[in-house]
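Remarks on the overall topology
Here are the chains, one letter per residue:
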Amino acid sequence: VFKFSIASILKNVSFYLNFFTRQIAKELNMTKPQENIGKHIISGELGIGEITEVASMGDKGDFYRVSFQKTDAINFFSVTNQNNYRMLESKENLEKAIKIFKKDHAPLEFDSTQAKITTLKKSLRTSGVMDLAHQLSSLNQEKEIHVSLKKIFENTLKSFVQEIEFVLNIKNIDAWNLLGLT
């Protein structure tokens, strides 16, 4: 007769789900984490940092150790969960994103104000640079940005400008000028 507690079963299921999720993420990510050492990421909260190593944190998985020169800070970011950062884009992709930002976009339509806030908050945190440029441009063209979106919009726009400045190796004011926002 086997006796299993629900807690032990859930613990095992949770372990295997985490394990297989990490394995699938590794398979989907064609770049091995070690190949990203020396590359730069951007985090809305910390700015631009350089990946200095990949550290294993046991059950929690692999993490990038990232050094942020401006603040002399070091932080760790999950290799598989990129909700709080993204890799800096290539010069070519960033130039395409700048063109997208400068275009006029039709106003975004949502069922409700809450749906708009929820959707845009999520997309401003997790989007690739092309989608990000489109969202930022659309919000920038609004007469008034909802108070619940204003701070994340401003922070994301500043991060976008930082990325332009860094990747294109230009001054901050020139990055703002490229977007037509001086």
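Quick look at the structure, then. (Residues numbered from 1 in each chain as written. Predicted model: local features only at pLDDT ≥ 70, side-chain atom pairs only at ≥ 80, totals over all residues. Heavy atoms only, no water.)

Focus: helix 4 (residues 129–140)
- With 12 residues, helix 4 should reach 16 Å at 1.5 Å per residue; the first-to-last C-alpha distance of 16 Å fits that figure.
- The complete set of buried residues in helix 4 reads Val-129, Leu-132, Ala-133, Gln-135, Leu-136, Ser-137, Ser-138 and Leu-139. (Helix = DSSP H or I, 4+ residues; strand = E, 2+ residues; numbered from the N terminus. Expected span 1.5 Å × (residues − 1). Buried < 20%, exposed > 50% of the residue type's maximum accessible area, 1.4 Å probe, protein only.)

So, unusual backbone geometry
- The residue Asp-72 is not glycine, and still its phi comes out positive at about 55°.
- Summarising the element assignment, Asp-72 is placed in the loop between strand 3 (62–68) and strand 4 (73–78).
- The phi angle at Asn-169 is positive, at roughly 55°, despite the residue not being glycine.
- Inspection of the secondary structure puts Asn-169 in the loop between helix 5 (147–168) and helix 6 (172–178).
- The exposure class of Asn-169 is exposed, given its relative accessible area of 68%.

Digging into the packing of helix 2 (residues 91–102) against helix 5
- Viewed as axis vectors pointing N to C, helix 2 and helix 5 meet at an angle of 140°, and their least axial separation amounts to 10 Å. It follows that helix 2 is oblique to helix 5 by the angle criterion. Our pair here, helix 2 against helix 5, has a crossing hand that is left-handed. Contacts between helix 2 and helix 5 pair Lys-91, Leu-94, Glu-95, Ala-97, Ile-98 and Phe-101 from the former with Leu-157, Phe-160, Glu-163, Ile-164, Val-167 and Leu-168 from the latter.
- Considering only residue class, the contact of helix 2 with helix 5 consists of 9 nonpolar, no polar and 3 charged. (Axes fitted to C-alpha atoms, helices over the stretch in contact; angles between N-to-C directions. Parallel < 35°, antiparallel > 145°, perpendicular 65-115°, else oblique. Left-handed = near helix turned anticlockwise from the far one by under 90°. Contact = heavy atoms within 4.5 Å. Nonpolar A, V, L, I, M, F, W, Y, C, P; charged D, E, K, R; others polar.)

Side note on the sheet that holds strand 5 (residues 86–87)
- One open sheet holds the 5 strands; their spatial order is 4-3-2-1-5, and the pairing between them is antiparallel. The sheet terminates laterally at strand 4 and strand 5, the two strands that pair on one side only.
- Bridge analysis of strand 2 (residues 47–56) against strand 3 gives 6 bridges, and the strand direction is antiparallel. Bridged to Ser-56 within strand 3 is Asp-62.
- Against the sheet, helix 5 engages strand 1 (40–43), strand 2 and strand 5, with an angle of about 160° to strand 1. (Pairing = 2+ DSSP bridges.)

Things to note about the pattern of salt bridges
- Within the structure shown, the criterion is met by 4 salt bridges.
- A salt bridge links Glu-53 to Arg-65; its shortest N-O distance comes to 3.8 Å. Of this pair, Glu-53 sits in strand 2 while Arg-65 sits in strand 3, placing them 12 residues apart in sequence.
- Among the residues examined, Arg-65 registers a relative accessible area of 24% and is labelled partly exposed.
- In this structure, Lys-116 engages Glu-142 in a salt bridge whose closest nitrogen and oxygen atoms are separated by 2.7 Å. You can see Lys-116 sitting in helix 3 (residues 113–126) and its partner Glu-142 sitting in the loop between helix 4 and helix 5, a full 26 residues away along the chain.
- Residue classification places Glu-142 among the partly exposed residues on the basis of a relative accessible area of 22%. (Salt bridge = Lys/Arg side-chain N within 4 Å of Asp/Glu carboxyl O.)

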